[in-house]
Amino acid sequence: MKKNLFITLEGIEGAGKSTVIDFIENFITSSGYDVVKTREPGGTAIGEQIREILLNKNNDKLTDDTELLLIFAARAQHLSEIILPNLTSNKIVLCDRFIDASYAYQGAGRGIEQSKINLLENWVMPDIKPDLTFLLDLDPKIAFERTNKRSDADRFESEDIHFFEKIRQYYLERAENEPERFRVINSELSLEDVQEQIKNILKDMV
Ligand code: TMP
């Protein structure tokens, strides 16, 4: 495995990212590599404060542009403090969501023009792209059944099913356009099957 691999994980809420990211982290560690697990928005003290603003359901006045700019502000901090230094020191960086989520949620979900997101991408992260992105794909109907019981839904989780249908569709199109980077995993499969697929993909990179 290339030592300074940048791996990201994407998917709608309810697709099971948290369990899968722990599995990936354990697999990489037990294969003898140094891995730094992190997340967006967040991953730094400043980024986590921005995350609180973004996820707080009481912030119903937050505009779509403000949301996008805050996400990129957190990302700029994250790149500078965590992602770039760790890749430079030959660590594998494993990130729960990254740039694809901005195109999916703010672009497809909120309807912000791609050119605006593109502008921020070129500003904040001109030279970096994930080497490998796992997309945990799940029908939002099933995701909703899985997460419906949560009474503490955050600002994103409180969106309706159409929001997540647009996001899912966009993620799949993006994955199709970049097959060398994306690996789409069917999240309806059992956890064992999902883990087996991920293991096989990671093994191939050793
Ligand atoms: P999480 O629930 O997976 O931790 O992610 C927090 C939320 O942040 C999730 O609902 C998606 C949202 N998000 C965006 O809308 N755009 C982004 O660029 C990122 C990284 C996350």
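Residues numbered from 1 in each chain as written. Predicted model: local features only at pLDDT ≥ 70, side-chain atom pairs only at ≥ 80, totals over all residues. Heavy atoms only, no water.

A. Geometry of the overall build of the chain. Along its length, the chain carries 8 helices and 5 strands. Across the chain, helices and strands are ordered from the amino to the carboxyl terminus as β-α-β-α-α-β-α-α-β-α-α-β-α. At 16 Å, the chain has a C-alpha radius of gyration in line with the 17 Å of a compact globule built from 206 residues. Dimensions of the chain, computed from the C-alpha atoms along their principal axes, are close to 45 × 35 × 30 Å. Within the chain, the proportion of its 206 residues that are buried is 49%. (Helix = DSSP H or I, 4+ residues; strand = E, 2+ residues; numbered from the N terminus. Rg over C-alpha atoms; globule rule 2.2 N^0.38 Å. Buried < 20%, exposed > 50% of the residue type's maximum accessible area, 1.4 Å probe, protein only.)

B. Up close: the packing of aromatic side chains. Summed over the entire model, instances satisfying the criterion amount to 6 aromatic pairs. On the basis of an interplanar angle of 90 degrees and a centroid distance of 6.0 Å, the ring pair of Tyr 105 and Phe 156 is categorised as edge-to-face. Here Tyr 105 is found in helix α4 (residues 99–109), whereas its partner Phe 156 is found in the loop between α6 (140–147) and α7 (161–177), with 51 residues between them in sequence. On the basis of relative accessibility, which here comes to 8%, the residue Phe 156 falls in the buried class. Ring geometry for Phe 163 versus Phe 164: centroids 5.2 Å apart, planes at 85 degrees, classification edge-to-face. Phe 164 matches Phe 163 in its accessibility class, with the two residues each being buried. Through a chain of ring-to-ring contacts, the aromatic side chains of Tyr 105, Phe 144, Phe 156, Phe 163 and Phe 164 assemble into a single cluster. We note Arg 75 situated over the ring of Phe 72; from NZ or CZ to the ring centre the distance is 4.7 Å. Positioned above the aromatic ring of Phe 156 is the side chain of Arg 155, whose terminal nitrogen or guanidinium carbon lies 5.1 Å from the ring centre. (Phe/Tyr/Trp six-rings, centres within 6.5 Å; stacked < 30°, edge-to-face > 60°. Lys NZ or Arg CZ within 6 Å of the ring centre and 35° of its normal.)

The quantities given are spatial measurements derived from coordinates; they are silent on function.
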